Amino acid sequence: MGSIIKYILLSFFTFLPLISVFPNKPHVINLSTDRYKADNKNWSIGEDEKGVMYFGNDIGLLEFDGIEWRLNRMPNSLIARSIAVLSHNTVFTGSYEEFGRWDRDVAGKLVYTSLSDQLDKALFKNDDFWKIWIAEDCVYFQSFSSIYMYDYKTIKRIPAENGFLFLSKIRDEFLVQQMLGPLYRLKGSTLTKIEGSEIFRDTDVRVILPYSTDEYLIGTATKGLYRYDGTSFKEWNPLLSGVLNSAELNCGIFSSRGTYFFGTILNGVYQVDVDGNILDHISTESTLQNNTILSLYEDKAANVWAALDKGISYIQYIDNMSCYTDKGGKTGAVYGAALWNDKLFIGTNQGVFYITADNLDKPGALAKMKLINGTQGQVWALKVIDNKLYCCHNKGLKEIRDNLSVTDLFDIRTGVYNISEARYKDRDLLFLSTYQSLKIVDKATDEVYDPRQISEPVINADVDHIGNVWLEHFNRGIYRCKLDDDLSGFQTFSYYGGNNKDGLPYKLKMFKVGGRIVLLGNNQFYTYDDISNKIVPNTILDDCFKSVKNLRQVIHIRNNEFWALTDASVYQFVYDGYEAYITESYNLGMNLSLVNAYENISILNDSTSLVCLDNGFLLYKKGQSGKDGSKALSPPYLESLGTRNSNGEYKYISLSQPVEIPYNYNTVTFRFSVENAFSSNLSFQYMLEGVDNTWSLPQKLNQVSYARLPEGKYTFLVRTIDNLGNHSEPLIYQFKVASPWYQSIWAYMFYIIVFFAIMYIVWLLILRRYRNLHLQKIRNRETRRLRTLTGELQQEVEQKNAELLTQTSFIIQKNELILKIKAIIDDFSSRNKSSALIPLSQKINALLNNNMNTEEDWKTFLLKFEEKHTGFFKKMKTLYPQLTNSDLRLCACLKLNLETKEIASLMNLSIRAVENSRYRLRKKLNILPSQNLNEFFLDID
């Protein structure tokens with residue numbers, strides 16, 4: 001018992017000196033890539049009420065909202081030598097022979113207006129404007145020759161006989177040095193000389209800062225620092241003055257942390273306290289990218305921006321953390337650390353380094369670290385056990401002694417990942433997690449036991465409350481084992497995870513809570529239930545970390561306090577088996593990263609921990625914290641709302657009034673930002689109700705577009721989120737996309753008119769159709785009637801044709817018969833010359849001749865012919881008036897397609913006479929010899 005008390009007291013007094021001296025050292029981020037457009041010389045810095053940073057740069061006015069850099073070019077591509085920020089909407093800049101103001105338009109872009117154009121350019125020929133300060137009711141623009149006072153309406157010149165150096169603002173006062181001369185106080189447009197300031201002749205006053213409540217701290221280029229109490233000037237801290245003189249003081253600020261930052265031309269930035277003691281030195285030897293500091297500025301988050309001769313650096317402070325980063329890679333990646341004998345030891349991939357406690361708070365602490373000879377190589381862990389410092393090394397287990405000599409322990413011939421104390425069946429043991437298996441050392445006898453059933457690399461080992469030994473595989477799952485009483489082997493063992501088909505993650509990490517083992521894998525927690533002998537989910541821890549992603553490791557601090565690590569953040573939480581809650585959370589920010597796959601925090605004492613980084617480490621000193629580890633984030637704000645049509649033409653809409661977007665400009669772009677986006681390493685999530693179902697993934701962007709939105713009302717939401725899972729209240733913006741022209745009231749009225757017009761036309765068409773149908777029925781009925789009548793007429797015509805043919809045939813046959821009878825009588829008379837027969841013969845011939853009278857036959861024939869071919873003779877007479885009656889008769893015969901013999905019989909002519917008549921008729925009708933005469937008449941109706 002006495003040895004335990006002695007050990008506790010020794011540990012306490014060992015840790016106490018280091019606890020009291022840990023400084024809060026910043027993390028430096030260098031912004032020097034083309035992406036930031038900051039590689040040029042930067043002259044001045046400013047910030048608006050929304051946290052947007054502005055930089056006077058060689059290529060113009062740079063604007064940085066924490067997400068995106070925007071370049072605003074000066075007229076004639078001049079240098080932005082000086083800037084002053086009035087608000088988010090107004091910024092003043094000074095340049096070569098030029099000064100003016102920038103005002104933000106509806107698109108969120110800064111538009112320049114020259115103020116110097118109101119003056120005679122000859123007044124400031126070849127002058128640069130080096131300082132701009134905003135007073136309560138005016139703005140001062142200072143060049144080396146004059147000061148110009150702008151009251152937002154007119155500009156007044158304040159001349160100086162010998163010119164001015166730099167105008168400074170201290171509290172609500174303005175002081176300026178006459179070139180290589182005394183100091184003056186500027187009030188309104190009046191300059192009043194400060195008595196006693198002649199001591200600054202032949203030197204440059206570069207810095208004037210507040211000191212105490214009503215005093216001033218004045219820094220010069222060659223004469224050091226002075227305090228001014230309103231009546232006299234006194235030298236202040238000659239030692240610091242000597243340092244700054246050798247580095248050539250150029251600028252400075254008094255920070256809200258109660259310390260001064262001095263920027264130099266030759267040697268970076270010095271942070272000093274109110275007594276002039278140097279707290280930190282930031283230069284190229286540590287993390288700064290350039291030693292020439294042209295301007296310093298403290299932002300709203302109490303971090304410091306440095307405008308450099310080449311680039312911009314951001315000096316960031318993390319609450320309760322001091323940052324020790326190794327720019328040159330001298331120490332390598334840090335895997336573990338320990339406090340021992342008033343020294344801090346860190347284990348890296350290059351070996352073990354150490355530094356004394358009194359050197360930790362001094363500038364350039366990492367440069368003072370020394371490598372312990374004999375530890376070269378990969379170091380996995382450092383542990384203090386029984387006031388002995390053990391080094392888990394790639395070459396085995398080593399002990400570092402008081403004199404910093406190194407001894408190899410226990411000839412185990414393999415690398416050691418970890419060492420831990422364990423009590424098993426009243427025996428004090430050391431568990432060695434090695435490359436090959438678990439090795440057990442009996443502390444009383446130093447005997448080494450090697451259970452051989454599990455010959456695999458083990459990275460961690462522990463014993464739970466019921467005597468189970470848990471082994472964490474280097475790359476896979478977890479073993480739960482029962483040791484033999486003689487420690488020579490395992491009685492039984494079970495394997496969890498590692499593709500064991502038990503539903504657990506492949507890779508598992510373990511830590512102990514109150515004697516019980518808790519497992520972590522794939523962002524889920526598990527606990528061993530010894531009653532059911534199963535691994536079951538730990539819903540308490542799952543609920544505690546439900547908004548945290550990528551959990552990698554859990555480290556026990558003391559009692560019920562633990563660290564939880566992700567790839568980019570650190571959480572401190574409390575868990576007693578019944579309740580879990582986060583007490584502190586830290587976003588590691590930019591350019592700080594844990595060692596990938598070997599994330600670790602070394603517990604130095606109850607209030608101090610060391611966060612291992614791949615290029616250094618963070619020292620944590622416990623501060624004030626609440627039960628809820630979440631942080632309230634500022635909500636974002638809308639910068640602009642742009643709309644675009646299908647032709648790519650943009651229109652920006654004012655955000656100060658209700659918005660109705662024309663339908664033809666229905667592609668919308670929201671531009672947004674938030675305060676401290678850069679210092680807090682914030683991202684954005686957004687959602688458009690009606691389009692998106694859930695929040696977007698966190699993204700480092702400051703604008704989002706939605707293309708071709710349908711008409712309707714929309715609500716756009718955007719919120720900020722950090723790496724810890726904290727998010728702000730959403731910004732809600734409602735807008736409406738107007739209906740397209742073809743859905744407007746006038747369009748609907750037109751549609752109604754067109755509808756009724758179409759209906760009227762349709763009605764007319766239907767009416768016309770029914771009329772046509774009715775007419776069609778009438779026509780069909782008439783057609784049927786006419787068809788019947790036609791049939792009757794056709795029948796009549798055919799009957800007429802038959803009658804005509806019959807009549808014609810009868811006449812022809814009759815005439816032929818008469819001619820035959822006459823021929824027979826004539827032949828009989830010529831053979832019989834009897835006188836008695838002569839009268840009879842004559843009488844018969846007369847009778848035959850009377851019956852051969854064709855005139856009556858022709859009349860009958862013509863009547864029949866006219867009935868069938870009505871108007872034929874009239875048409876022929878009209879066409880050919882020279883035709884005679886005989887010709888017309890011949891035409892009728894030809895129309896009936898009679899042969900010559902039939903025509904001769906019908907007309908009582910000889911065949912030759914008919915041929916001659918046909919010939920004469922052909923000539924009268926002018927018919928070509930090649931044309932058939934019958935066919936000619938057949939074609940005539």
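Parameters at a glance
- Sequence order sets the numbering: in each chain, residues are counted from 1 along the sequence as written.
- Restriction of local features to residues with pLDDT of at least 70 applies here, the model being predicted, together with a cutoff of 80 or more for giving and counting side-chain atom pairs; totals for whole chains, interfaces and linings are based on all residues.
- For the side-chain quantities, the full set of heavy atoms in the structure was used; hydrogens and water were omitted.
- We call a set of buried residues a nonpolar core when its members are Ala, Val, Leu, Ile, Met, Phe, Trp, Tyr or Cys and they connect through side-chain atoms within 4.5 Å of each other.
- The classification of residues rests on relative accessible area computed with a 1.4 Å probe and restricted to protein chains. Under 20% of the type maximum is buried, over 50% is exposed, and intermediate values are partly exposed.
- Each helix corresponds to a stretch of at least 4 residues labelled H or I by DSSP, and each strand to a stretch of at least 2 residues labelled E; elements are numbered beginning at the N terminus.
- Contacts are residue-level and defined by heavy atoms, with any inter-residue pair within 4.5 Å sufficient.
- Salt bridge, as used here, is a side-chain nitrogen of Lys or Arg placed within 4 Å of a carboxyl oxygen of Asp or Glu.
- Interaxial angles span 0 to 180 degrees and are taken between N-to-C directions of axes, which are lines fitted to C-alpha atoms, for helices over the stretch in contact.
- Here is the rule for angles: anything less than 35 degrees is roughly parallel, anything more than 145 is roughly antiparallel, 65 through 115 is roughly perpendicular, and the remaining ranges are oblique.
- By definition, any crossing whose near helix is turned counterclockwise from its far helix by less than a right angle is left-handed, and any crossing with a clockwise turn is right-handed.
- Throughout, the ten residues Ala, Val, Leu, Ile, Met, Phe, Trp, Tyr, Cys and Pro are labelled nonpolar, Asp, Glu, Lys and Arg are labelled charged, and all others, Gly among them, are labelled polar.
- Two strands qualify as a pair provided DSSP detects at least 2 bridges between them.

*Asks:* Help me get a handle on the nonpolar core, residues and values and all.
*Replies:* The biggest cluster of nonpolar side chains holds 28 residues, and the ones touching the most others in it are F872, M876, L883, I903, L921, L925 and F937. Mapped by element, the contributors of at least two residues to this core are α7 (854-868), α8 (872-879), α9 (885-895), α10 (900-907), α11 (911-924) and α12 (933-938). A total of 6 residues in this core trace back to one element, the largest contributor, which is α9. Aside from chain neighbours lying at most four places away, what touches M876 is P881, L883, L888, C891, L925, F937 and I940.

*Asks:* Give a description of the pattern of salt bridges that names residues and reports values.
*Replies:* Summed over the entire model, instances satisfying the criterion amount to 33 salt bridges. Residue E198 pairs with K193 through a salt bridge whose shortest N-O separation is 2.7 Å. Judged by relative accessible area, which is 27%, E198 ranks as partly exposed. K193 gets classed as partly exposed once you look at its relative accessible area, which sits at 34%. When the shortest N-O distance is used, the salt bridge between K924 and D887 registers 2.5 Å. Taken as a pair, K924 in helix α11 and D887 in helix α9 lie far apart in primary sequence, 37 residues in all. Through salt bridges with shared partners, one network takes in E63, R104 and E639.

*Asks:* Pulling in residues and values, what's your account of the packing of α8 against α9?
*Replies:* Look at α8 against α9: their axes get within 11 Å of each other, and the N-to-C directions meet at 120°. It follows that α8 is oblique to α9 by the angle criterion. Between α8 and α9 lies a crossing whose hand is right-handed. Residues F872, F873, M876 and K877 of α8 form the contact with α9, whose own contacting residues are L888, C891, A892 and K895. Classifying every residue of the contact of α8 with α9 gives 6 nonpolar, no polar and 2 charged.

*Asks:* Hey, could you go over the sheet that holds strand β54 (residues 601-603) for me, with residue numbers and the actual values?
*Replies:* What the 4 strands build is an open sheet, ordered β29-β56-β55-β54; its pairing is antiparallel. The sheet terminates laterally at β29 (321-325) and β54, the two strands that pair on one side only. Pairwise comparison of adjacent strand axes, ignoring direction, gives a mean angle of 20° for this sheet. Note: β54 against strand β55 (residues 608-613), 3 bridges, orientation antiparallel. Looking at the pairing, I603 lines up with S609 of β55.

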